[in-house]
Amino acid sequence: MNRDPKVAPTELSAFLEGDVREVARGLVGWTFLVHGAGGVIVETEAYRFDDPASHAFGGRTPRNATMFGPSGHLYVYRSYGIHWCANVVCGAEGVASAVLLRALQPTHGVDDMRTRRGVDDARLLAAGPGRLTQALGLSGENDGDDLGVPPYELTMPPQPPEVVASTRVGITRAIEQPWRYTLAGSTFVSRPRPRP
DNA sequence: CAGTGGATGCTCT
DNA sequence: GAGCATCCACTGT
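Residues numbered from 1 in each chain as written. Chains lettered and ligands numbered in written order. Predicted model: local features only at pLDDT ≥ 70, side-chain atom pairs only at ≥ 80, totals over all residues. Heavy atoms only, no water.

**Focus on the protein's contact with DNA strand C**
Around DNA strand C, the surrounding shell holds 20 residues, and the nearest of these are Y77, H83, N87, G130 and R131. For DNA strand C, the fraction of protein-proximal atoms (within 4 Å) that sit in sugar or phosphate groups is 61%. In the environment of DNA strand C, a base nitrogen lies 3.2 Å from a nitrogen or oxygen atom belonging to the backbone of A53. A distance of 3.5 Å is found between a phosphate oxygen of DNA strand C and a backbone nitrogen or oxygen belonging to G128. Listing elements by their share of the surface near DNA strand C, those giving two or more residues are β3 (74-79), β4 (83-90), β5 (97-108) and α4 (129-136). Of the residues belonging to the surface near DNA strand C, the class tally is nine nonpolar, eight polar and three charged. (Near = heavy atom within 4 Å. Polar contact = N/O pair within 3.5 Å; in protein donor to acceptor, adjacent residues only side chain to side chain. Helix = DSSP H or I, 4+ residues; strand = E, 2+ residues; numbered from the N terminus. Nonpolar A, V, L, I, M, F, W, Y, C, P; charged D, E, K, R; others polar.)

**Remarks on unusual backbone geometry**
The omega torsion of the bond from P150 to P151 falls at 10°, within 30 degrees of zero and hence cis. Although it is not a glycine, Y80 adopts a positive phi angle of roughly 55°. Tracing the chain through its elements places Y80 in the loop between β3 and β4. Positive phi values are uncommon outside glycine, yet A174 reaches one of about 55°. On the secondary structure map, A174 appears in the loop between β7 (163-166) and β8 (180-183). Look at A174 and you get buried, because its relative accessible area is 17%. (Buried < 20%, exposed > 50% of the residue type's maximum accessible area, 1.4 Å probe, protein only.)

**Thoughts on the side chain of R168**
Relative to the assigned elements, R168 resides in the loop between β7 and β8. Judged by its relative accessible area of 0%, R168 is buried. Reaching out from R168, the side chain makes a polar contact with the backbone oxygen of A46 at a distance of 2.9 Å. Among the polar contacts listed, one links the side chain of R168 to the backbone oxygen of A174, at a separation of 3.2 Å.

So this is what it looks like as structure tokens:
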């Protein structure tokens, strides 16, 4: 992969076309900003097209339509009636794989995120998919947005960081797949240790 | 810490 | 009507 930190949208697209597990692992360490607020991605999960835990498993529906579109767009859905969760759509159009953004280490616009979250502790601003979307001000209105253009910014790290794989969180199917990826040693992840 | 339960809305069967 | 890719408050060690 080209490690020039300035990533052109076409370059981002090429990266996102790969195996969704490699994309999920590779996105850890990138900086993700929305309107200048955000931080370093420290936790992701891969949801493959043929994965019983994926919203796309079983075919296209109104809710998951964005997953079937081109890579590099945001798939945002309502979780438990209360929260929003944000994914990066991966793979070729029609493949319907996605990477769930589960946690950020805040680095930019931290006060904006504090205001939206209503908490002070930087470790609680974006540790968890529902918290992350609230901190960034993302909601269902952003479903389908193109991540290659403003207000979104995705910047790769100068060096690929050390990443740890573990099982995914909060799912009931395909629970054995180690498709959760965390930045090694980070205290900004949604749960400090992988579940047993 | 660990475990439990409630809030809350939408999707799909 | 069931089941969530969750979070928070609360309980008990």
